[in-house]
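Report on the structure
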Amino acid sequence: MIIRRIQIDNYLCYYDTNTFELSEGLNIILGENGEGKTKFFESVDWLFNGENRELDILVSAKKLNETEIGDSFRVRVAMTVEQYGEKSIITKSFVAKKEKANECSTSSFMIEGISENSSGERTQVDGQALLDRIFPFQIRKYSMFKGEAELNIFESDSALANLINLFSEAKHYDKYSVKGAFLRDKAEKAVEDSSKLDKKNESLYKKLEGDIIYLEREKAKYLVHLNSTEEEIRKIEGNLQLAESHVSNADALDTLNKRIKEIEEKISYLTGRIDENYTTSLFDENWILVNFESLHKEFAEKVSSHSKSRRELQSEFDKQIGIKEGVKKAKAELLNNAIPLPNNIPSKAIMEEMLNDEICKVCNREATKGSEAYEFMMKRLKTYLESQVTEDNEPNKDEPLFKYDYTNRLDNLSISHEDNLKNLRLIRTKIKDLFEFNDNRKKDIEELNEQLDKEKTERDRILGNSSIAAEKLIDVLKNYNAWQKDLKNRNKDQVDYTTKVESFESDIKAKKEEKDKIDTSSANSFLLKTRNILRDIETIFIDTKENKFDEFILKLQTKSNRFLEIINIDSFTGEISIYKKNRLGKTTVEVQLMQNGRPLYKPNESLETSMYISILFAISELAFETKNEYYPLIFDAPTSSFGDYKTAQFLNLVYETKNQKILVTKNFLDRDKTTKKLFVKKDFESVKRDKAFWVKLEEPFNKNDLTTINTLVINL
């Protein structure tokens, strides 16, 4: 089936008549948001599935505004298709009558059908019947998709049943399976009644049935646990897989954070060791003394000279003292070492008295003036008086030459300075060493800062490459081990529950065999043979249905992977797995991307879209194999997660597939920064397609005034 033309009249933004002349193969409709792209898709959806309700909201505001009150016009969506060499036109429409400004009533809703044979003869037919015949609603379900979210056709439990009913032969065995089960139940009952004719079997039968019911109930209980556990495992594995995509980053982030902390601590330590307080520690206290040695030398020489002079003076002083002492000694020797009288005996007064009396009162002899005795006494008085006179220049025996010994202090100071000279000579070295030490520490810090910058850049790169924030990245690492532990526990539970279920199944089988044994020995042989035959027939029906079911899934999976390989070339290297699951007696089908033998639980949106589109193309091929007919696929923005480049790649590959595709996208449009006008990018020239349109609003328009809105259809 090929859609040749879609005509839209006065439908929302499509004012008056707008025609899309479509081609086989790939038809691309470009459109910016809000300019008619999605309304095109919705008009087709309305044609296929729309109801006769709230039709007034579908009316073009521009057309209504231009219509006189009381006048009417028709809103219409028509589709011309070709199928098996015949042309058909399906039209859905209604009449809008303007009642007053911005308000209208609707009437005459209809779906019309026209069939045109190969010779050009046209026949009016029932429109809905024609639509259902040429484009069955079951297939339409898998033909129209609005956005990436609607591509997952297996979200509904009924999706697979619908597909099987459409394409597989399994559905033919449904009625046989039901009938087979019914007949087998009847045969079981007949055998049971026959066996119970023997009364001793009745209680044994009852006990076995009770046991089987109990075992079935227990088995069902553990199946619930098993299914629940499998679901938990699936979620945990999904979490782990998601975490694994981040855990390497998280691990690297953790390592980098530790390294950054270590470097920052080193920088802090080295910064603390740098002492640049030169003013107080060097200049103020010591640096001023670095040139002291020459001053000290001059000082020491002067101190030495002074000390020498002092010692010479002291020596001379000591010598003079010695001489005086020697004179005294010599005088004593002249008196024959006799002991002289004290100078004051007789005293001055007695001496003067005796001279005045001219008599020596010591020896009681007369001593007249001029006599030798008188002269003697006079001489003694004179001597006495002279002895009382003190010579000013005579050194005092009790006072030293130098009252204070400053010279010794100077000597000590000089010696002290001499001792400190070594330290003073080292000041330059110390200062140099300190500068070198500080410079080396600064170099170390500079190197560490460079290393720190690199580590931080690496951390930024990791965080930039990560789709989650740093805090969550760290949380991922924390949770990762917990999830692994949970998974280990759940896997153990799964093994335990599976073992339990298998044990119950084994017990049930044993009980049933025990029951059959009673039947074999007690029941009518004809009934037994009949029951066994009906059991076999039911098994054949069930197995055949299962096989057909499995064959369909395998075929769908094979075709889907072939398309995925084409669509996703040079990208994803895994495959699509479509598998059946039995949950509490209900069969479901699940789709899973596999990579390296492991489920890919959290594929990115682009890959997920590729997977679903591959499945849709596979279904389309299955439809062709079953009905010898391809059906169109109509997508509204299915590649919104793709960029222009990947969209172009995708479209070029889709172009190679066989059936008709109508794909609406907002890619390949851009707006001129100066004029603000939209334009189609040059990249679109490289996109393979059979037909392309650009739907855009006629200018000027006011987006807040719907009466100015009209979408133009431009052939590219």
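Check the entry above for the structure.
The sections below set out a description of the structure shown in this document. (Residues numbered from 1 in each chain as written. Predicted model: local features only at pLDDT ≥ 70, side-chain atom pairs only at ≥ 80, totals over all residues. Heavy atoms only, no water.)

Looking at the overall build of the protein
Secondary structure summary: the protein contains 17 helices and 19 strands in total. With an accessible surface of roughly 42300 Å², the protein has 49% of that area assigned to carbon and sulfur atoms. (Helix = DSSP H or I, 4+ residues; strand = E, 2+ residues; numbered from the N terminus. Areas by Shrake-Rupley, 256 points an atom, 1.4 Å probe, with all protein chains shown as cover.)

So, the sheet that holds strand S19 (residues 711–715)
With mixed pairing, six strands are arranged side by side in an open sheet as S8-S14-S15-S3-S18-S19. If you trace the sheet from one side to the other, it starts and ends with strand S8 (144–146) and S19, each paired once. This sheet shows a mean twist of 15 degrees between the axes of neighbouring strands, independent of strand direction. The sheet contacts of helix H1 (residues 37–49) involve strand S3 (26–31), S8, strand S14 (633–636), strand S15 (661–665) and strand S18 (691–697), and relative to S8 the element is tilted by about 140 degrees. (Pairing = 2+ DSSP bridges. Axes fitted to C-alpha atoms, helices over the stretch in contact; angles between N-to-C directions. Contact = heavy atoms within 4.5 Å.)

Some points on the packing of aromatic side chains
Evaluation of the coordinates by the stated rule reveals 13 aromatic pairs. Measuring from centroid to centroid gives 6.4 Å for Trp 46 and Phe 109, while their planes differ by 70 degrees, and the two rings are edge-to-face. Here Trp 46, found in helix H1, pairs with Phe 109, found in strand S6 (residues 103–116); they are 63 residues apart in sequence, far enough to count as distant. Site record: aromatic cluster; members linked through ring pairs are Tyr 11, Trp 46, Phe 94 and Phe 109. The cationic tip of Arg 562 hangs over the ring face of Phe 563; the distance from NZ or CZ to the ring centre is 5.1 Å. (Phe/Tyr/Trp six-rings, centres within 6.5 Å; stacked < 30°, edge-to-face > 60°. Lys NZ or Arg CZ within 6 Å of the ring centre and 35° of its normal.)

Describing the environment of Phe 299
Structurally, Phe 299 can be placed in helix H9 (residues 292–334). Taking the relative accessible area as the measure of exposure, Phe 299 reaches 25% and is therefore partly exposed. Leaving out residues up to four positions away in the same chain, Phe 299 has contacts with Leu 410, Leu 413, Ser 414 and His 417. (Buried < 20%, exposed > 50% of the residue type's maximum accessible area, 1.4 Å probe, protein only.)

A short note on the pairing of S15
For S15, a buried count of five out of five residues is recorded, marking the element as mostly surrounded by other parts of the structure. Of the two faces of S15, both are covered, the one formed by Lys 661, Leu 663 and Thr 665 as well as the one formed by Ile 662 and Val 664. Of the strand pairs in this sheet, S14 and S15 are connected by four bridges, and their pairing is parallel. Each bridged residue has a counterpart across the sheet, and for Phe 635 the counterpart in S15 is Leu 663.

Here we look at the packing of helix H6 (residues 174–196) against helix H7 (residues 199–273)
Following both chains from N to C, one finds H6 and H7 inclined at 135 degrees, their axes separated by 7 Å at the closest point. When the axes of H6 and H7 are compared, the pair comes out oblique. Within the contact between the two elements, H6 uses Glu 192, Ser 195 and Lys 196 and H7 uses Lys 199, Asn 201, Glu 202, Tyr 205 and Glu 209. (Parallel < 35°, antiparallel > 145°, perpendicular 65-115°, else oblique.)

Points about unusual backbone geometry
With omega at 0 degrees, the peptide bond leading from Glu 699 into Pro 700 counts as cis. Along the polypeptide, Pro 700 turns up in the loop between S18 and S19. Notably, Asp 16 is not glycine yet its phi reads approximately 60 degrees, a positive angle. By the secondary structure assignment, Asp 16 is in strand S2 (residues 14–21). The backbone of Tyr 84 sits at a positive phi, close to 50 degrees, despite the residue not being glycine. For Tyr 84, a relative accessible area of 56% translates into the label exposed.

Describing the sheet that holds S6
The six strands lie next to each other as S2-S1-S4-S5-S6-S7, forming an open sheet whose pairing is antiparallel. Only two strands of the sheet have a single neighbouring strand rather than two, namely S2 and strand S7 (122–126). Pairwise comparison of adjacent strand axes, ignoring direction, gives a mean angle of 20 degrees for this sheet. Alignment of strand S1 (residues 2–11) against S2, held across six bridges, turns out to be antiparallel. For Tyr 11, the partnering residue across the bridge sits in S2 and is Tyr 14. Together, strand S4 (72–83), strand S5 (86–100), S6 and S7 form the strand contacts of helix H3 (residues 127–134), whose direction differs from that of S6 by roughly 55 degrees.

A short note on the pattern of salt bridges
Counted according to the given criterion, the structure contains 39 salt bridges. In this structure, the salt-bridge partner of Arg 4 is Glu 82, at a minimum N-O distance of 3.4 Å. You can see Arg 4 sitting in strand S1 and its partner Glu 82 sitting in strand S4, a full 78 residues away along the chain. A relative accessible area of 31% places Glu 82 in the partly exposed class. Across the pair Lys 258 and Asp 254 runs a salt bridge whose closest N-O atoms are separated by 3.3 Å. Here Asp 254 and Lys 258 lie together in helix H7, a separation of four residues that amounts to about one turn. Residue Lys 258 is classed as exposed on the basis of its relative accessible area of 55%. Here the salt bridges share partners, and the residues they tie into one network are Glu 188, Asp 516, Asp 519, Arg 531 and Arg 535. (Salt bridge = Lys/Arg side-chain N within 4 Å of Asp/Glu carboxyl O.)

Some words on a negative patch on the surface
Together, Glu 446, Glu 447, Glu 450 and Asp 453 make up a region of like negative charge exposed at the surface. Among the secondary structure elements, Asp 453 is positioned in helix H13 (residues 427–465). Accessibility expressed as a relative area gives 47% for Asp 453, which makes it partly exposed. (Patch = residues over 30% accessible without salt bridge, like charges linked within 9 Å, V, L, I, M, F, W, Y side chains within 5 Å. Lys, Arg positive; Asp, Glu negative; His and termini not counted. Charge placed at Lys NZ, Arg CZ, Asp CG, Glu CD.)

Let's talk about the nonpolar core
Counting 44 residues, the largest nonpolar core has Ile 3, Ile 6, Phe 20, Phe 40, Phe 48 and Met 79 as the members making the most contacts within it. Among the elements of the structure, S1, S2, H1, S4, S5, H3, S15 and S18 are those that each provide at least two residues to this core. Looking at this core element by element, the count peaks at six residues for H1. Dropping the residues within four chain positions of it, Ile 3 is found in contact with Leu 22, Met 79, Thr 80, Val 81, Pro 632, Ile 634, Gln 660 and Ile 662. Residues Leu 616, Ala 648, Phe 650 and Leu 651 belong to the second largest nonpolar core, which totals 43 residues. (Core = buried A, V, L, I, M, F, W, Y, C linked by side-chain atoms within 4.5 Å.)

Keep in mind these numbers describe shape, not what the thing actually does.
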